[in-house]
Amino acid sequence: MEFSLLGPISVTTGSAELSLGPAKRRSVLALLLLQPNTTVPLEQLIDSLWEDEPPEHSRTVVQGHVSRLRATLAEGGAEAYGIELTTHGSAYLLRLPEELIDAHRFGELVALARPEAAPGDAVPLLREALGLWRGPALTGTVTSPPFAAAAHALEERRLTAVEALGRAHGALGEHEQAAAILYSAAVNHPLREGLIAGLMRALFHTGRQSDALEWFHRTRRLLNEELGVDPGERLRQAYEEILRAEAAGGNRQGAAKPGAPGAGSASGGAPSGGAGSGAVSGGGRTGAPAADRSTTGAGSPVGSEGQAPAQGVAGRSAAGGGPEAPGTGQTLPGTTAEVRDGPGSGRGGAAPRLLPRPPARFLGREDQLSALTAVLTDRTTGESPLAVVAGPAGVGKTACAVQWAHLHAGAFPDGQLFADLRGFGEGDEAPPAEILRDFLLALGTPPERVPGSAQAASALFRSLVAERRLLVVLDNASSSAQVRPLLPGGPHCATVVTSRSRLDGLVATDWARPVGLQTLGHEEGAALLGAMLGPERVAEDPAAARELVDLCDGLPLALRAAAAQLTARPRWRLARLAAALRDERRRLALLSAEDTGIAAALRMSVARLSADDARLLSALATSADGHLNASLAAALAGYDPERTQDGLDRLAEMHLVDEEATDVYTISTLTQLFARDDRGEGGEGGTSGTGDRGKGE
């Protein structure tokens, strides 16, 4: 006879399963099995079976269930197995050999496994233990807090075993198996930091370092959104270990585990070897398409006009030859000959290749890609070229920048760095010191030599990359001040910045060249739908495809969300979705896929507005056709002309309105719908701008 708690509550004898009856009877058995060979008071059973006030006859009900269980077990031959259910006053005792309970056998097998000391033995033990699970623990019991807590405790033990199995496979060099085991558990438990840390290491060792870092940034965002906390030591340590190991070129299959003996230098600092990785990939919303990610921090300007110095250092110390921290006369940490020519120098090790994956189904944008090529490969000025890819939310800025970076990676043999600045993301912007620390670790700087201040770290970063051919992609910037500390200074480096803001400050002081992205036309939009859905599905109704492009305002993000709706409904024709989208009350909701959609993207833009500008945007949304001038805008908002013009200029800079010609402004239909919802006039609701740049939704 065997008792199962790790899945549906059941009792089997031979090949037959005993009939246990209703949920409360199964729950009585489960509680007795959770405390085998221990008396369980009747009051505890009553409290566990009824979440609310128990009925007056609850004692009789429990006694009846115990009586039926005793009869069922006897019919199954319990006596032959040494099993006995007895009454002790006002308590019950289930006496049995504990190895008959699957949860007990599970615990014994896990206790025997030693994933680090004896991984070869641990793998079969842990696999056998996890094989005892047949679904969520305690399935079939009543839904009361005591049973929920018990099921949670059992699930925690299962996840601990999954993590141990991943470590055992990793210790054997079986990183693909480790990644496969940890992945599904991580998807279902995205806030379990130990699990994510193990998955990151496994992915890194299979050569998927971008995926590993993407998991870190996704988890960091979730922790911030749902719990309001930063990553803990285990997750952060895994992240930094991967950056340092990548700097040593240690990401190949079979390489030493980050942080393991042989992975670092004798002094415990950075691994010896070459250049490291960029700061991050994929740090935007969970599951966000490459179309337009968001995220970052206020800069720490250097100099009288808020600019970082063009050169990486203020001077060199007489003794060590290292650059000096500006204004201190002291050699900057991490700039000895060991750092300049050793770890992270890009000479003798793997160069960082940490761009996000190329955007899926990327189409068109030939003019913008050509413009980026012209700006970023121009070596005639002797300066470090800088391009700003700007445009409205959802237009595909990240996708364009990353696509160009992959196409031209060969022009930057010393590597590519990528950072999601979270300027228009949920949660706080990434402070420059955080991004610079990631960059410096990727370039091989030992952690203890990374300067604490953004100003010193910026100077060190520029000195390390001064002679390299390096590409830096800074995604989703909020402001020019945020970007400046992160700019490399070498003439052979190039930088691409993406932002919803025009970043006029970078254009004015750093000679950034703007590359604007516009919405897609009918032909390009239909081609994107065809790439997502299959050309045959679009070809069967080209008129509906054109209408979908119009209803999505030609925004790639909205079109991808529409394609996701159609992919989930293979029997729908395009015309059916177009008909649904004509209902303006439902359009924003339909143009969303889980946590990704045009409403979420617009919400993060509006959240960065001042209260006055948010009210102006809401007033503009009442325009009948979305076309207006400053006088009409002032009348709608009730503002004076000067206040209105200033607000329109700021909205245009954020690409929430478009200035088609002098004093001719347009607001897109989707932006109108969102702003109307924001006023409470639509069905979906919104978040009004507050001027609090640190708040998203």
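About the criteria used
Residues numbered from 1 in each chain as written. Predicted model: local features only at pLDDT ≥ 70, side-chain atom pairs only at ≥ 80, totals over all residues. Heavy atoms only, no water. Helix = DSSP H or I, 4+ residues; strand = E, 2+ residues; numbered from the N terminus. Buried < 20%, exposed > 50% of the residue type's maximum accessible area, 1.4 Å probe, protein only. Areas by Shrake-Rupley, 256 points an atom, 1.4 Å probe, with all protein chains shown as cover. Patch = residues over 30% accessible without salt bridge, like charges linked within 9 Å, V, L, I, M, F, W, Y side chains within 5 Å. Salt bridge = Lys/Arg side-chain N within 4 Å of Asp/Glu carboxyl O. Lys, Arg positive; Asp, Glu negative; His and termini not counted. Charge placed at Lys NZ, Arg CZ, Asp CG, Glu CD. Phe/Tyr/Trp six-rings, centres within 6.5 Å; stacked < 30°, edge-to-face > 60°. Lys NZ or Arg CZ within 6 Å of the ring centre and 35° of its normal. Contact = heavy atoms within 4.5 Å. Core = buried A, V, L, I, M, F, W, Y, C linked by side-chain atoms within 4.5 Å. Pairing = 2+ DSSP bridges. pLDDT = per-residue confidence, 0-100. 1 Å grid on protein atoms, 1.4 Å probe; cavity = no way out; pocket = protein on both sides within 12 Å on 5 of 7 lines; lining within 4 Å. Points joined across faces, edges and corners; volume = space filled by probe spheres on them. Nonpolar A, V, L, I, M, F, W, Y, C, P; charged D, E, K, R; others polar. Arc of directions from axis to C-beta. Expected span 1.5 Å × (residues − 1). Polar contact = N/O pair within 3.5 Å; in protein donor to acceptor, adjacent residues only side chain to side chain. Axes fitted to C-alpha atoms, helices over the stretch in contact; angles between N-to-C directions. Parallel < 35°, antiparallel > 145°, perpendicular 65-115°, else oblique. Left-handed = near helix turned anticlockwise from the far one by under 90°.

What is the right way to look at the overall build of the protein in this model?
Across its full length, the protein carries 28 helices and 16 strands. The buried share among the 697 residues of the protein stands at 54%. Split by element, the accessible area of the protein, about 28200 Å² in all, is 50% carbon and sulfur.

Where do I start with a negative patch on the surface in this structure?
Residues Asp640, Glu642, Asp646, Asp649, Asp658, Glu659, Glu660 and Asp663 make up a contiguous surface patch of negative charge. Counting through the fold element by element, Glu660 comes out in strand 15 (residues 658-661). You can call Glu660 exposed: its relative accessible area is 51%.

Sorry if this is basic, but what is going on with the packing of aromatic side chains here?
Given two aromatic rings, one states the distance between the centres and the angle between the planes to describe the pair. Per the stated rule, a full pass over the model turns up five aromatic pairs. Taking the ring centre of Trp133 as reference, the NZ or CZ of Arg158 above it sits at 5.9 Å.

Would you explain the side chain of His169 in this entry?
Its place among the elements puts His169 in helix 6 (residues 145-171). Once you skip the residues sitting within four places of it in the chain, His169 turns out to touch Val123, Arg127, Glu174, His175, Gln177, Ala178 and Ile181.

What exactly am I supposed to notice about the nonpolar core here?
What tends to happen in soluble globular proteins is that the nonpolar side chains get buried as a cluster. Of all hydrophobic cores here, the largest spans 113 residues; its most connected members are Phe3, Leu138, Met200 and Leu474. If you look at the next biggest cluster of nonpolar residues, it comprises 80 residues, including Cys400, Leu559, Leu566 and Leu588.

Before we go on, may I ask you to explain the sheet that holds strand 1 (residues 2-4) in this structure?
In a beta sheet, neighbouring strands pair by backbone hydrogen bonds and run either parallel or antiparallel. Here we have three strands laid out as an open sheet, ordered 1-2-3, and antiparallel in their pairing. Both outer strands of the open sheet, strand 1 and strand 3 (16-17), are each paired with one neighbouring strand and no more. Where strand 2 (residues 10-13) meets strand 3, two bridges bridge the pair, whose relative direction is antiparallel. Each residue of the ladder has a partner; that of Thr12, found in strand 3, is Glu17.

It is not clear to me how the sheet that holds strand 15 should be interpreted in this structure. Could you clarify?
The strand order across the open sheet formed by three strands is 14-16-15, and the pairing between neighbours is antiparallel. Edge positions in the open sheet fall to strand 14 (627-628) and strand 15, since each of these has one partner strand only. Direction of pairing for strand 14 relative to strand 16 (residues 664-666): antiparallel, over a ladder of two bridges. Residue pairing in the sheet places His627 in a bridge with Thr666 of strand 16.

How do you make sense of the pattern of salt bridges when you look at a structure like this?
Side chains that differ in sign of charge can pair as their charged atoms come close. For the structure shown, the criterion picks out 26 salt bridges. Salt-bridge contacts for Arg585 lead to Asp583; the nearest nitrogen and oxygen are separated by 3.1 Å. Residue class for Arg585 comes out exposed when judged on its relative accessible area of 61%. Measuring nitrogen to oxygen at the nearest pair gives 3.0 Å for the salt bridge that ties Asp612 to Arg643. Of this pair, Asp612 sits in helix 25 (residues 611-620) while Arg643 sits in helix 27 (residues 641-653), and the two are 31 residues apart along the sequence. By relative accessible area, Asp612 is classed as partly exposed at 29%.

I tried to follow the confidence of the model for the protein on my own but got confused; where do I start?
If pLDDT is low for a region, its predicted coordinates should not be looked at in detail. Model confidence for the protein is summarised by a mean pLDDT of 81, while 82% of its residues fall at 70 or above. The low-confidence segment residues 250-349, where pLDDT is below 50, has 307 contacts with residues more than four positions distant or belonging to other chains.

Quick question: what am I supposed to make of the layout of surface pockets here?
In this structure, the second largest pocket encloses a volume near 710 Å³. What lines the second largest pocket is a set of 33 residues, among which Pro392, Gln518, His655, Val657 and Asp658 lie closest to the centre. Of all the secondary-structure elements, those providing two or more residues to the lining of the second largest pocket are strand 7 (386-390), strand 11 (513-516), helix 24 (598-606), strand 15 and helix 28 (669-678). Class assignment of the residues belonging to the lining of the second largest pocket gives a composition of 16 nonpolar, 10 polar and seven charged.

Help me out: how do you make sense of helix 20 (residues 542-551) in this one?
When helix 20 is considered as a whole, its buried residues turn out to be Ala544, Ala545, Leu548, Val549 and Leu551. All buried residues of helix 20 fall inside an arc of 165 degrees around its axis, so they share one side. Within helix 20, the exposed residues directed more than 90 degrees away from the buried face are Pro542 and Ala543. One or two residues past the end of helix 20 sits Asp553, with phi positive at roughly 55 degrees.

Explanation requested: unusual backbone geometry in the structure shown.
Only a minority of non-glycine residues have a phi that is not negative, and only a minority of peptide bonds are not trans. Even without being glycine, Arg365 reaches a positive phi, approximately 65 degrees. Of note in the backbone geometry, His655 takes a positive phi value of approximately 60 degrees without being a glycine. Following the sequence through the fold, His655 ends up in the loop between helix 27 and strand 15.

Help me understand the pairing of strand 2 in this model?
For a regular strand, side chains alternate in direction, first toward one face of the sheet and then toward the other. Relative to strand 2, strand 1 is paired through three bridges, and the arrangement is antiparallel. By the bridge assignment for strand 2, Glu2 is matched with Thr12. Hairpin connection from strand 1 to strand 2: five residues lie between these consecutive antiparallel strands, with Gly7 at a positive phi of about 140 degrees. The turn joining strand 2 and strand 3, which pair antiparallel and follow one another in sequence, is formed by two residues; a positive phi near 65 degrees is taken by Gly14.

Can you help me understand helix 27 in this one?
Within an α-helix, residues lying three or four positions from one another point in the same direction, as the helix has 3.6 residues per turn. The terminal C-alpha atoms of helix 27, which comprises 13 residues, lie 18 Å apart, in line with the 18 Å expected from a rise of 1.5 Å per residue. For helix 27, the full list of buried residues reads Thr644, Gly647, Leu648, Leu651 and Ala652. Around the axis of helix 27, the buried residues are gathered within 135 degrees of arc, so they sit on the same side. On its buried face, helix 27 is in contact with helix 25, helix 26 (630-637) and strand 16. N-cap assignment for helix 27: the residue whose side-chain oxygen lies 3.2 Å from the backbone N of Glu642 is Asp640.

I tried to follow the packing of helix 6 against helix 7 (residues 175-188) on my own but got confused; where do I start?
When two helices pack together, you describe them by how their axes are tilted relative to each other and by the distance separating the axes. Between helix 6 and helix 7, the least distance of the axes is 7 Å, while the angle of their chain directions is 160 degrees. By the angle class used here, helix 6 and helix 7 are roughly antiparallel. By crossing handedness, the relation of helix 6 to helix 7 is classed as left-handed. Counted together, Leu159, Val162, Glu163, Leu165, Gly166, His169 and Gly170 of helix 6 and His175, Gln177, Ala178, Ile181, Leu182 and Ala185 of helix 7 form the full contact between these two elements. Considering only residue class, the contact of helix 6 with helix 7 consists of seven nonpolar, five polar and one charged.

How should the packing of helix 7 against helix 8 (residues 193-205) be read in this particular structure?
It is at 8 Å that the axes of helix 7 and helix 8 come closest, and there the two elements cross at 145 degrees. Remark: the crossing between helix 7 and helix 8 carries left-handed chirality. Residue-level inspection shows His175, Ala178, Ala179, Leu182, Tyr183, Ala185 and Ala186 of helix 7 in contact with helix 8, the latter providing Leu195, Ile196, Gly198, Leu199, Ala202, Leu203 and His205. Tallied by class, the residues present in the contact of helix 7 with helix 8 amount to 11 nonpolar, three polar and no charged.

Any chance you could explain the environment of Pro41 here in plain terms?
Here Pro41 is to be found in strand 4 (residues 39-41). A C-alpha to C-alpha distance of 9.0 Å links Pro41 and Leu93, two positions 52 residues apart in sequence. Sequence-distant contacts of Pro41, that is, excluding residues within four places in its chain, are made with Ser90 and Ala91.

Is there a simple way to think about the pairing of strand 15 in this case?
Across three bridges, the pairing between strand 15 and strand 16 is antiparallel. Within strand 16, the residue paired with Glu659 across the bridge is Tyr665.

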